Amino acid sequence: DQQVKQNSPSLSVQEGRISILNCDYTNSMFDYFLWYKKYPAEGPTFLISISSIKDKNEDGRFTVFLNKSAKHLSLHIVPSQPGDSAVYFCAASLNRDDKIIFGKGTRLHILP
Amino acid sequence: GAVVSQHPSWVICKSGTSVKIECRSLDFQATTMFWYRQFPKQSLMLMATSNEGSKATYEQGVEKDKFLINHASLTLSTLTVTSAHPEDSSFYICSAFGPGGTEAFFGQGTRLTVV
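As the structure is a computational prediction, the values presented were derived from the model and not from experiment. (Residues numbered from 1 in each chain as written. Chains lettered and ligands numbered in written order. Predicted model: local features only at pLDDT ≥ 70, side-chain atom pairs only at ≥ 80, totals over all residues. Heavy atoms only, no water.)

1. Digging into unusual backbone geometry
In plain terms, the rule: Going along the chain from the N terminus, every DSSP run of H or I of four or more residues is numbered as a helix, and every run of E of two or more is numbered as a strand. The rule is simple: take the accessible area with a 1.4 Å probe, protein chains only, and divide by the maximum for that residue type; under 20% is buried, over 50% is exposed, in between is partly exposed.
With an omega dihedral of -10 degrees, the bond running from Val78 of chain A to Pro79 of chain A counts as a cis peptide bond. With respect to the secondary-structure elements, Pro79 of chain A resides in the loop between strand 8 (72-77) and strand 9 (86-93). The phi dihedral of Lys71 of chain A is positive, around 50 degrees, even though this residue is not glycine. By secondary structure assignment, the location of Lys71 of chain A is in the loop between strand 7 (62-67) and strand 8. According to the relative accessible area criterion, Lys71 of chain A is partly exposed, its value standing at 28%. In this model, Ser83 of chain B sits at a positive phi of 45 degrees, which is unusual for a non-glycine residue. Of note, Ser83 of chain B is situated in the loop between strand 8 (76-81) and strand 9 (90-97).

Next comes the structure, spelled out in structure tokens:
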């Protein structure tokens, strides 16, 4: 049973535009949500996180939005840059120091 | 930030042999480390939680006798794939929470190919 779902396997966005990556989860007990970026043959790199008590967290070009009632979160990247091309994993945990459960990832292609 | 190092980065082994993968926290102590596995084009799947000084906690469906985990010190956890078979070929990644326990850091991963 996939507790964290990323329904779009891939996404292509023009350079300079906004990239929006979506994620849904099923476990209402999740309290902490994270986004990771991953290049092939490398470990994931932490991007941004959000606690369930918030609905938005912003860090530079990256903003994460959380809609608890819909069990949905999204990552916005603006403006998109060529170096943003990677696989993005949505992840969740019951609390900040608990095991992290990952979605299947979305491959983002930034087009020139 | 904190650094988690995995060794080796890649390994090729013969079917039936065992392979050990090391995960080290280089500049901090990690009482808990996590082992993940990733098949091509699939998600990172949590295999087990490694606890320093005690037995690892395995996720449902993960064979304990196949994937031996040892967390003998606060900076080292090892994953041993015993009697490896081609279907064990995968990308194995470890992680640990850095100082303060608020951010998970990942190793660079180990590509295991069993031939």
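So that's the structure; there's more coming.
2. Quick look at the interface of chain A and chain B
Our working rule: The contact rule is simple, with two residues in contact once any of their heavy atoms fall within 4.5 Å. Two parts placed together each lose some accessible area; with a 1.4 Å probe, that loss summed over both constitutes the buried area. We define a salt bridge as a contact between a side-chain nitrogen of Lys or Arg and a carboxyl oxygen of Asp or Glu at a distance within 4 Å. N or O atoms closer than or at 3.5 Å make up a polar contact, with two conditions inside protein: a donor-capable atom paired with an acceptor-capable one, and, for residues adjacent in sequence, both atoms drawn from side chains. Lys, Arg, Asp and Glu make up the charged group, whereas Ala, Val, Leu, Ile, Met, Phe, Trp, Tyr, Cys and Pro make up the nonpolar group; the residues left over, Gly among them, are polar.
Contact residues are listed per partner, giving 18 residues for chain A and 19 residues for chain B. Contact with chain B buries area across many residues of chain A, yet Arg96, Lys99 and Phe102 of chain A alone supply 30% of it, more than any other trio. At the junction of chain A and chain B, the tally comes to one salt bridge. Taking the shortest distance from any N to any O, the salt bridge between Lys99 of chain A and Glu59 of chain B comes out at 2.9 Å. The tally of links between chain A and chain B comes to four residue pairs in polar contact (both at pLDDT 80 or more). Examining the composition of the side of chain A that touches chain B, we find that three residues originate from one element, strand 4 (residues 32-38) of chain A, more than from any other. Counted by class, the side of chain A that touches chain B contains nine nonpolar, two polar and seven charged residues.

3. Details of the sheet that holds strand 8 of chain B
All names here are of chain B. Cut-off, in case you're wondering: Pairing between strands requires that DSSP locate at least two bridges from one strand to the other. Here the axes come from fitting lines to C-alpha atoms, over the contacting stretch only for helices, and the angles between their N-to-C directions go from 0 to 180 degrees.
Strands sit in the order 1-3-8-7 across an open sheet of four strands; the sheet is antiparallel. What marks the edges here is a single partner per strand, and that holds for strand 1 (4-7) and strand 7 (67-73). In this sheet, neighbouring strand axes are inclined to one another by 15 degrees on average, regardless of whether the strands run parallel or antiparallel. Bridge analysis of strand 3 (residues 19-25) against strand 8 gives six bridges, and the strand direction is antiparallel. Of the residues in strand 8, the one forming a bridge with Lys20 is Thr80.

4. Some thoughts on the state of the cysteines
Defined as follows: Note on terminology: pairs of cysteine sulfur atoms within 2.5 Å are recorded as disulfides.
On inspection of all chains with the given rule, the structure shows two disulfides over all chains. Across the disulfide, Cys23 of chain A is cross-linked to Cys90 of chain A (sulfur-sulfur distance 2.0 Å). Residues Cys23 of chain A and Cys90 of chain A are joined through a disulfide that is left-handed, its torsion about the S-S bond being -75 degrees. In this pair, Cys23 of chain A is assigned in strand 3 (residues 19-25) and Cys90 of chain A in strand 9, connecting sequence segments 67 residues apart. Neither residue differs from the other here; Cys23 of chain A and Cys90 of chain A are each classed as buried. The partner cysteine of Cys23 of chain B in its disulfide is Cys94 of chain B, sulfur to sulfur 1.9 Å. With the S-S bond torsion at 80 degrees, the cross-link from Cys23 of chain B to Cys94 of chain B turns out right-handed. Separated by 71 residues along the polypeptide, Cys23 of chain B in strand 3 and Cys94 of chain B in strand 9 bring together distant segments of the chain. Considered together, Cys23 of chain B and Cys94 of chain B belong to a single accessibility category, that of buried residues. With no disulfide of its own, Cys13 of chain B lies 18 Å from the sulfur of Cys94 of chain B, the closest cysteine sulfur.

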